[in-house]
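# Architecture and fold: a report
Spelled out from the first residue to the last, the chains are:
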Amino acid sequence: MSPRHNQFWMWWQDVPFAIEHAEMIAYVQRVFDEDVEALEWIQQYVERDARPGVVEQSVPADVPGLRFRRLLHRLATAEQR
């Protein structure tokens, strides 16, 4: 079973969309489903990668995302205790 995750989203419109609201919801759900599939694949890869001494490499543009991932890791670790 996959770890629990949440995705929050919204949009604002000043003019009517060319597609119906239900179609837009279905489209957004498909996009999020693709994200879930990709994240699950990445998680499986990380769990299988048992190479000792491997360190994640980041560039300056990665800093906000890296900080957030570290925060999530700390929170998840604390929640499992």
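Everything below is about the structure printed above this text.
The structure reproduced in this document is the subject of the present report.

### Regarding the overall build of the chain
Helix and strand content of the chain: 2 helices and 0 strands. Across the 81 residues that make up the chain, the buried fraction comes to 5%. Taken as a whole, the chain presents about 8100 Å² of accessible surface, with 59% of it coming from carbon and sulfur.

### Regarding the packing of aromatic side chains
All chains considered together, the criterion is met by 1 aromatic pair. Plain terms: the ring middles of Trp41 and Tyr45 are 5.8 Å apart, the flat faces sit at 15° to each other, and that makes the pair stacked. On the criterion of helical spacing, the pair formed by Trp41 and Tyr45 is a turn pair, its members being 4 residues apart in helix H1 (residues 21–48). Overall, the relative accessible area of 53% leaves Trp41 in the exposed class. On the basis of relative accessibility, which here comes to 41%, the residue Tyr45 falls in the partly exposed class.

### Re the pattern of salt bridges
Scanning the model with the defined rule gives 1 salt bridge in all. Notably, a salt bridge pairs Arg51 with Asp49, separated by 2.7 Å at the nearest N-O pair. The class for Asp49 is partly exposed, based on a relative accessible area of 26%.

### Section: a negative patch on the surface
A cluster of acidic residues, Asp33, Glu34, Asp35, Glu37 and Glu40, forms a negative patch on the protein surface. Within the fold, Asp35 resides in helix H1. Residue classification places Asp35 among the partly exposed positions, given a relative accessible area of 31%.

### Re H1
Between its first and last C-alpha, H1 extends 41 Å over 28 residues, near the 40 Å set by a 1.5 Å rise per residue. Taken together, the buried positions of H1 are occupied by Met24, Val28 and Phe32.

Definitions and cut-offs
- Residues numbered from 1 in each chain as written.
- Predicted model: local features only at pLDDT ≥ 70, side-chain atom pairs only at ≥ 80, totals over all residues.
- Heavy atoms only, no water.
- Helix = DSSP H or I, 4+ residues; strand = E, 2+ residues; numbered from the N terminus.
- Buried < 20%, exposed > 50% of the residue type's maximum accessible area, 1.4 Å probe, protein only.
- Areas by Shrake-Rupley, 256 points an atom, 1.4 Å probe, with all protein chains shown as cover.
- Phe/Tyr/Trp six-rings, centres within 6.5 Å; stacked < 30°, edge-to-face > 60°.
- Salt bridge = Lys/Arg side-chain N within 4 Å of Asp/Glu carboxyl O.
- Patch = residues over 30% accessible without salt bridge, like charges linked within 9 Å, V, L, I, M, F, W, Y side chains within 5 Å.
- Lys, Arg positive; Asp, Glu negative; His and termini not counted.
- Charge placed at Lys NZ, Arg CZ, Asp CG, Glu CD.
- Expected span 1.5 Å × (residues − 1).

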